[in-house]
Amino acid sequence: MRSRLTAVIFFLGTVMALPVLSAALPESVSQALKQAGIPESAISVYVKEVTAKQPALTVNADTAMNPASVMKLLTTYAGLELLGPAYTWRTEVYALGKIEKGVLRGDLAIKGYGDPNLNLENFWLLVRHIRQTGLKEITGDLILDTSYYNIPRTDPGAFDGQPHKTYNVFPEAVLVNYLTSALHLTPQPENNTVRVVVDPASELLDLQNNLKLTRGNCGDWRNQLHANVRKPDETNTRVSVILTGNYAIQCGQNTYHLSLHENASYIHDLFKKLWAQQDGLFRGAVRNGVIPKGIAPLRVYYSPPLAEVVRGINKFSNNVAARQLYLALGETAIPPDIQPSVSLDQSNVAVRRWLFAKRLSFPELVIENGSGLSRIERISAYNMGELLIAAFQSPVMPEFMSSMAIAGADGTMRNRLRGTLVAGKAHMKTGTLNDVMSIAGYVLDHKDRRIAVVFFINHPHAGNARTAIDALIRWVYERA
């Protein structure tokens, strides 16, 4: 199977070369790049009105670049077209035993298909739906069937050595609340302390709060904190977290997110609490397993529609949800009745078939996981721009555009270009990695023309490029 998939990928990726285009950067952008210490050779720019025949500006536009999270635009656009805006993920619940007078004499099983939006509220709904069947007591264990994902397991810290950062959470066919623990921080000047509340509360966690309350400027409060995480061992069955560092009164209330637990343990702990809240009885353990064929589910829970899910992916750059969506694209390459699981190879085939059918030639495209959280993903600014042009002509354009952050209003653009004429006029997707900064989307200029804009920077000083990026967006809005 893998060799056939590779052959299809090679065939669909072998197409004519990109056109080589160039033009001069606006002076405001050039000056901002010089001040940031970024040479023009390290950037790639594409600007084109959506109804025009030729771009208005291109700089190194045919160069394959790391787009960081801007790659999510390809994943979400492909998802909206291949799966449809109304697509939903299902999570099936099975009773593996007889139910008599509200008592299940056996195990309760949950089979997942990669729902990326099974957050605390939605998992509570799932548990409530189970309880509404009349089931009250479960005498066996909780079984998690994650067999729908056929993907290799890797170290969650392999990307950057930060295994407990939530952006590094690995895709799971049954994933609840992004496997995240939220630490809510509140200054308490009356006793010179910082209160820390963990949500969801967990019996699997020992938290030691050594934060010091300070009275200076808030600054980048996240970098002032340090979480020393110790995994369970022979002497301690819980995860231990020691919080150290400073937290300023001026910071007010904030939330620090960590991924601390193994997936099965996290779901088990949360299920027990929610089941007890519904007056249910359950004392079993948790284990992974596969649901036997031919059994009808006790309940099926459906996610919110894809049109809603993509807003979280693009506005807030949700890496985990993007990776789960990218895997869902594999369903369109090989039907589930033929291959009862999805893989990254299948998703790659699906995307390249889709591009080929749309007559989009992207020979430089490299996709690792579809989220942009990658050191190897590549696409040119020219082709990202052409993707935006195609999306604007697509029936899913309203859902696609509305999923992007609005300048000066929400998402990752909430504090960008605020107070300028561009505020509210640009729908953009941002991207940031070490040595990478990027942006892509649409600007409605002062003549009400819709302009596709792409700006990639791959350079050690990329973190200083925000002023240059904003300068380009303002130039696009103001140009004649």
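Since we're looking at a predicted model, the values are computed, not measured.

A.B. asks: With reference to specific residues and values, describe the overall build of the protein.
C.D. replies: Along the protein, the regular secondary structure elements total eleven helices and 22 strands. In terms of overall size, the protein behaves like a compact globule, its C-alpha atoms giving a radius of gyration of 24 Å where 480 residues would be expected to give roughly 23 Å. Its C-alpha atoms give the protein principal-axis dimensions of roughly 75 × 65 × 40 Å. A burial count over the protein gives 54% of its 480 residues as buried. Sequence separation of 24 or more characterises 71% of the internal contacts of the protein that already satisfy a separation of 6 or more. With an accessible surface of roughly 21,100 Å², the protein has 50% of that area assigned to carbon and sulfur atoms.

A.B. asks: I'd like a rundown of the sheet that holds strand S8 (residues 181-188), residues and numbers included.
C.D. replies: Taken in spatial order, the three strands of this open sheet run S9-S8-S14, and their pairing is antiparallel. Either end of the sheet is taken by a strand with one partner, and the two such strands are strand S9 (193-199) and strand S14 (254-258). Strand-to-strand twist across the sheet, computed as the mean angle between neighbouring axes with direction ignored, equals 25°. Of the strand pairs in this sheet, S8 and S14 are connected by five bridges, and their pairing is antiparallel. Counted as the bridge partner of Ser 181 is Leu 258 from S14.

A.B. asks: Which residues make up the pairing of strand S21 (residues 436-444), and what are the values?
C.D. replies: Among the nine residues in S21, nine count as buried, and that is most of the element. Two elements, strand S20 (residues 426-433) and S21, share eight bridges in a ladder whose sense is antiparallel. Across the sheet, Gly 431 pairs through a bridge with Ser 438, a residue of S21. Hairpin connection between S20 and S21: a loop of two residues separates the two successive antiparallel strands, and Asp 435 in this loop has a positive phi of roughly 75°.

A.B. asks: Describe in detail the sheet that holds S21, supporting the description with residues and values.
C.D. replies: Pairing is antiparallel in the open sheet, where six strands are placed in the order S2-S1-S22-S21-S20-S19. The open sheet terminates on both sides in strands that have one partner only, identified here as strand S2 (57-59) and strand S19 (405-406). Against the sheet, helix H9 (residues 381-392) engages strand S1 (43-49), S21 and strand S22 (450-458), with an angle of about 155° to S22. Contacts from helix H11 (residues 466-478) reach S1, S2, S20, S21 and S22, with the element oriented near 15° to S21.

A.B. asks: Explain the environment of Arg 353 residue by residue, including any values.
C.D. replies: Within the fold, Arg 353 resides in helix H8 (residues 344-357). Linking Arg 353 and Lys 273, residues 80 residues apart in sequence, is a C-alpha distance of 45 Å. Within the structure, the side chain of Arg 353 is placed 3.3 Å from the backbone oxygen of Ala 333, a separation counted as a polar contact.

A.B. asks: Tell me about the confidence of the model for the protein, residues and numbers included.
C.D. replies: Per-residue pLDDT for the protein averages 93, and the proportion of residues at 70 or more is 95%. In this model residues 1-21 is a low-confidence stretch, pLDDT under 50, and it forms 37 contacts with partners more than four residues away in sequence or in other chains.

A.B. asks: Residues and numbers for the pattern of salt bridges, please.
C.D. replies: Counting across every chain of the model gives twelve salt bridges. Of the charged contacts, one joins Asp 410 and Lys 315 as a salt bridge, the two residues approaching to 2.8 Å between their closest N and O atoms. Of this pair, Asp 410 sits in the loop between S19 and S20 while Lys 315 sits in helix H6 (residues 306-315), and the two are 95 residues apart along the sequence. Owing to a relative accessible area of 8%, Lys 315 belongs among the buried residues under this scheme. Arg 416 is paired through a salt bridge with Asp 470; the nearest N and O atoms lie 2.9 Å apart.

Criteria and thresholds
Residues numbered from 1 in each chain as written. Predicted model: local features only at pLDDT ≥ 70, side-chain atom pairs only at ≥ 80, totals over all residues. Heavy atoms only, no water. Helix = DSSP H or I, 4+ residues; strand = E, 2+ residues; numbered from the N terminus. Rg over C-alpha atoms; globule rule 2.2 N^0.38 Å. Buried < 20%, exposed > 50% of the residue type's maximum accessible area, 1.4 Å probe, protein only. Contact = heavy atoms within 4.5 Å. Areas by Shrake-Rupley, 256 points an atom, 1.4 Å probe, with all protein chains shown as cover. Pairing = 2+ DSSP bridges. Axes fitted to C-alpha atoms, helices over the stretch in contact; angles between N-to-C directions. Polar contact = N/O pair within 3.5 Å; in protein donor to acceptor, adjacent residues only side chain to side chain. pLDDT = per-residue confidence, 0-100. Salt bridge = Lys/Arg side-chain N within 4 Å of Asp/Glu carboxyl O.

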